[in-house]
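# Inside the fold
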Amino acid sequence: MTKVAIITGASRGIGAALIETYRAMGYRVVANSRGIAPCAGPDVLAVPGDIAHIDTAERIVRETISRFGRIDSLVNNAGIFIPKPFTDYTPEDFGLVVGTNVGGFFHLTQRVVAQMLDQGHGGHIVSLTTALVEQPDARIPAALTALSKGGVAAVTKALAIEYAGSGIRVNAISPGVIDTPMHAGTDVHAAYAHMHPQNRVGTIADIAHGVRYLEQSPFVTGEVLHIDGGQNAGH
């Protein structure tokens, strides 16, 4: 039977590329983001909605099962990044970042794991974090990102151990700066290449290759894969 992957933050950038990555691996795909246009093709189902809201997670899982009958993989790609000095963050900033980066992860992953357990044939979850969790940079204040995505990195290992006996693998990717539409209008190389020992920024294809590797590596679980031009190793 054809496998099915859910991808959040799928309307552009890394998420949009991952739709093509999974389709190339023969998966059907359920794509979610706040701004994605609804569609229900034979192999791709778009489910619009804010992943920070629990009803969106419920609707994604419900529509996935209704349309395709199963869930084999989940990519938690959706995320919000607000760079500010710590004391400048507002309650609204906190709610927005934590709601998406932590709440969205929690609500959808919890429901997907429950479905995978019911199916009884395992599955795979991979989440996008950031190199700033382990390699903070004073020039890029990102405390809320570290707080939220650091939690996702930590729970990746916890969930990998909790569900290893059920055949559910849980991994994460920790990217450095990637040239995506988020940086539109910026000379990304000039602005951020210095953060990586390779002296370049990453590409969307670099992340897609990493996701493909994790998807096709059944003996890998609890891994945080650094795709950051050496940033995690040091400077």
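Below: a short report on this structure. Since the structure is predicted, the reported quantities are computational estimates derived from the model, not experimental observations. (Residues numbered from 1 in each chain as written. Predicted model: local features only at pLDDT ≥ 70, side-chain atom pairs only at ≥ 80, totals over all residues. Heavy atoms only, no water.)

To continue, consider the overall build of the protein. Looking only at helices and strands, one finds six helices and eight strands in the protein. In the protein, the succession of helices and strands from N to C terminus is β-α-β-β-β-α-β-α-β-α-β-α-α-β. In the protein, the proportion of contacts linking residues at least 24 apart, taken out of those at least 6 apart, comes to 68%. Carbon and sulfur atoms make up 57% of the accessible area of the protein, which amounts to about 10600 Å² in all. (Helix = DSSP H or I, 4+ residues; strand = E, 2+ residues; numbered from the N terminus. Contact = heavy atoms within 4.5 Å. Areas by Shrake-Rupley, 256 points an atom, 1.4 Å probe, with all protein chains shown as cover.)

Next up on the list: the sheet that holds strand E8 (residues 224-227). Pairing is mixed in the open sheet, where eight strands are placed in the order E3-E4-E2-E1-E5-E6-E7-E8. Here the strands that pair on one side only, and so sit at the sheet edges, are strand E3 (39-40) and E8. Alignment of strand E7 (residues 168-175) against E8, held across four bridges, turns out to be parallel. When the bridges of E8 are listed, Pro 175 appears paired with Ile 227. This element, helix H3 (residues 91-119), spans strand E1 (4-8), strand E5 (73-76), strand E6 (123-128) and E7 of the sheet and lies at about 170 degrees to E5. (Pairing = 2+ DSSP bridges. Axes fitted to C-alpha atoms, helices over the stretch in contact; angles between N-to-C directions.)

Axis separation between helix H2 (residues 54-68) and H3 bottoms out at 8 Å; the angle between their running directions is 30 degrees. Overall, the two elements H2 and H3 adopt an arrangement that is roughly parallel. The hand of the H2/H3 crossing is right-handed. Residues Ile 54, Ala 57, Glu 58, Ile 60, Val 61 and Ile 65 of H2 touch H3, and the partners they reach there are His 107, Leu 108, Arg 111, Val 112, Gln 115 and Gln 119. (Parallel < 35°, antiparallel > 145°, perpendicular 65-115°, else oblique. Left-handed = near helix turned anticlockwise from the far one by under 90°.)

Attention now goes to the packing of aromatic side chains. This model, assessed by the stated rule, comprises one aromatic pair. Ring plane angle 85 degrees and centroid distance 5.1 Å describe the contact between Tyr 22 and Tyr 27, whose orientation is recorded as edge-to-face. A relative accessible area of 8% means that Tyr 27 is categorised as buried. (Phe/Tyr/Trp six-rings, centres within 6.5 Å; stacked < 30°, edge-to-face > 60°. Buried < 20%, exposed > 50% of the residue type's maximum accessible area, 1.4 Å probe, protein only.)

A word on the packing of helix H1 (residues 13-24) against helix H6 (residues 204-215). Interaxial distance between H1 and H6 falls to 9 Å at its minimum, and their mutual angle equals 45 degrees. Relative to H6, the element H1 lies oblique. The chirality of how H1 crosses H6 is right-handed. For the pair formed by H1 and H6, the contact residues are Gly 13, Ile 14, Ala 17, Leu 18, Thr 21, Tyr 22 and Ala 24 on the first element and Ile 204, Ile 207, Ala 208, Val 211, Arg 212 and Glu 215 on the second.

Moving on, we come to the pairing of E5. Of the two faces of E5, the one holding Ser 73 and Val 75 and the one holding Leu 74 and Asn 76 are both buried throughout. With three bridges joining them, E1 and E5 adopt parallel strand pairing. Bridging across to E5, Ile 7 finds its partner in Val 75. Summarising the sheet, E5 and E6 pair through four bridges and their orientation is parallel. In the sheet register, Leu 74 faces E6, and the bridge partner there is Ile 125. Between the parallel pair E5 and E6, the chain is carried across by H3, and the sense of this crossover is right-handed. (Right-handed = clockwise from strand over helix to strand, strands pointing away.)

With respect to the helices and strands, Val 170 occurs in strand E7. With residues near it in sequence (within four places) discarded, Val 170 still touches Ile 125, Thr 156, Leu 159, Ala 160, Thr 221, Gly 222 and Glu 223.

To continue, consider the layout of surface pockets. The volume enclosed by the largest pocket comes to roughly 1100 Å³. Every residue lining the largest pocket is counted, 39 residues in all, and those nearest its centre are Asn 77, Gly 79, Ile 80, Phe 81 and Met 182. Of all the elements in the fold, those that place two or more residues in the lining of the largest pocket are H1, strand E2 (28-33), H3 and helix H4 (143-163). In terms of residues, the lining of the largest pocket owes the most to one element, H1, which gives three residues. Its residues assigned to classes, the lining of the largest pocket comprises 16 nonpolar, 19 polar and four charged. Looking at the second largest pocket, its volume works out to about 200 Å³. Every residue lining the second largest pocket is listed: Val 102, Phe 105, Phe 106, Thr 109, Gln 110, Val 113, Ser 148, Gly 151, Val 152, Val 155, Leu 159 and Tyr 163. Sorting the residues of the lining of the second largest pocket by element identifies H3 and H4 as the ones contributing at least two each. (1 Å grid on protein atoms, 1.4 Å probe; cavity = no way out; pocket = protein on both sides within 12 Å on 5 of 7 lines; lining within 4 Å. Points joined across faces, edges and corners; volume = space filled by probe spheres on them. Nonpolar A, V, L, I, M, F, W, Y, C, P; charged D, E, K, R; others polar.)

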